[in-house]
Amino acid sequence: MNDLNVKIYADGADLQEMLAAYRAGFVKGFTTNPSLMKKAGVKDYLAFAQEVLQKIPDLPISFEVFADDFAAMEKEALKIHSFGRNVFVKIPIMNTQGASSIPLIKKLSHQGLSLNVTAILTTEQVDAAVDALNPEVESIVSVFAGRIADTGRDPIPYMKKSVSLCRRNSCARLLWASSRELFNVYEADRLGVDIITCTPAIIEKLKKVGKTLEQVSLDTVKGFNRDIQTLGYSIL
C-alpha cells in the first residue's frame, strides 16, 4: 500500500462508513452522488453535507448538483462551492437530454470553482473536459472505468488515453470511477491514474493487502467450515 502513487478516495454517502474510512488513514478524499445518498437514506442534502464537512474538514470531498437544466445547475454549483474550501462540485458531462455541460464547466472553472466532471465514459468527453477546465484551478476528471467494463469493453485503453489527455492540464486530476475490485487499484496505479474511488467493501479488503495466497486459501476453507457448522449441513 505504501508503494502506491494513486490516491484512494472513498465512494459513498453513509456517514459512519465515511468516518471509518477517514480513520483508516490511507484514504485521501471522498466522493458522493445522488444515487449513493438515496441508498444511504440521506433526507436532507444540506444537513448531510454540513455534518460531513464538520467531521472531515481536511480532505477533498465531492458533492454533486441535482438540477438537470444548466441555469439551475449553475446556481447549485455556486451554493455547493460555498460549503467549504475542500469541496469539489460534481458536474455531469451532460444532462438527461444529452446536451453537453462543457460550456457550464468552462464558465464555473474559470470562476475559480474546483470541479469534479463526472459520468465520463469516452476519451472524447475527457478531451473536451480537460480543455474546458481552468489550468490554474485543481479539478477532477472522473472516468467510469467500471461502467466501461460493464459493456464488455476493456477499460484499460480508455484509461491509458485519458492519462495522456489529462497531462495537458497541470491541474486536472484523472479519477478511475466505479471500481469493481481491489485489483483495479493496482491497475490504476500502473497506468499513472491520479485517483481511484473505492467502495467500503474494497476499502475493507485493502486493509488485508499483503496476505500470502496460502493464508487466503486457509481463510477460505475456514469460512466454508463456519457456514457448514452454522447451517448444520450433513451428507452422511
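See above for the structure.
Quick look at the structure, then. (Residues numbered from 1 in each chain as written. Predicted model: local features only at pLDDT ≥ 70, side-chain atom pairs only at ≥ 80, totals over all residues. Heavy atoms only, no water.)

Attention now moves to the sheet that holds strand β8 (residues 195-198). Strands belonging to one sheet form pairs held by backbone hydrogen bonds; the direction of such a pair is parallel or antiparallel. The strand order around the closed barrel built from 8 strands is β1-β2-β3-β4-β5-β6-β7-β8, with neighbouring strands paired in parallel fashion. This sheet shows a mean twist of 30° between the axes of neighbouring strands, independent of strand direction. Set on the sheet, helix α6 (residues 123-132) makes contact with β5 (115-120) and β6 (139-144); between it and β5 the angle comes to about 165°. (Pairing = 2+ DSSP bridges. Helix = DSSP H or I, 4+ residues; strand = E, 2+ residues; numbered from the N terminus. Axes fitted to C-alpha atoms, helices over the stretch in contact; angles between N-to-C directions. Contact = heavy atoms within 4.5 Å.)

For the rest of this paragraph, the subject is the pattern of salt bridges. Across all of its chains, the model carries 9 salt bridges by this definition. When the shortest N-O distance is used, the salt bridge between Asp127 and Arg168 registers 2.8 Å. Here Asp127 is found in helix α6, whereas its partner Arg168 is found in the loop between α8 (155-166) and β7 (172-177), with 41 residues between them in sequence. Judged by relative accessible area, which is 45%, Arg168 ranks as partly exposed. In this structure, Arg167 engages Asp194 in a salt bridge whose closest nitrogen and oxygen atoms are separated by 3.6 Å. One end of the pair, Arg167, is in the loop between α8 and β7; the other, Asp194, is in the loop between α9 (183-191) and β8, and 27 residues separate them in sequence. With a relative accessible area of 44%, Arg167 lands in the partly exposed category. (Salt bridge = Lys/Arg side-chain N within 4 Å of Asp/Glu carboxyl O. Buried < 20%, exposed > 50% of the residue type's maximum accessible area, 1.4 Å probe, protein only.)

With that settled, consider unusual backbone geometry. Phi angles above zero are rare outside glycine, and Ala119 is one such case at about 65°. If you trace the backbone, Ala119 turns up in strand β5. The phi dihedral of Ser178 falls on the positive side, at around 55°, and the residue is not glycine. Relative to the helices and strands, Ser178 resides in the loop between β7 and α9. Note on Ser178: relative accessible area 13%, which makes it buried.

Core analysis: the biggest nonpolar cluster contains 66 residues, and Phe30, Phe63, Ile91, Ile105, Val141 and Trp176 have the highest contact counts within it. Dropping the residues within four chain positions of it, Phe30 is found in contact with Tyr9, Ala10, Met18, Ala21, Tyr22, Ile56, Leu59, Pro60, Ile61 and Ser62. One finds Tyr9, Ile140, Leu175 and Ile195 within the second-largest nonpolar core, a separate group that totals 7 residues. (Core = buried A, V, L, I, M, F, W, Y, C linked by side-chain atoms within 4.5 Å.)

Another aspect to go through is the layout of surface pockets. Estimates place the volume of the largest pocket at around 980 Å³. Lining the largest pocket are 39 residues; nearest its centre among them are Asn33, Ser35, Leu36, Phe144 and Arg147. Of the residues that constitute the lining of the largest pocket, the class distribution is 18 nonpolar, 12 polar and 9 charged. Of the pockets and cavities examined, the second largest pocket occupies roughly 250 Å³. Lining the second largest pocket, in full, are Leu182, Lys205, Lys208, Val209, Gly210, Lys211, Val216, Asp219 and Thr220. Tallied by class, residues from the lining of the second largest pocket come to 3 nonpolar, 2 polar and 4 charged. (1 Å grid on protein atoms, 1.4 Å probe; cavity = no way out; pocket = protein on both sides within 12 Å on 5 of 7 lines; lining within 4 Å. Points joined across faces, edges and corners; volume = space filled by probe spheres on them. Nonpolar A, V, L, I, M, F, W, Y, C, P; charged D, E, K, R; others polar.)

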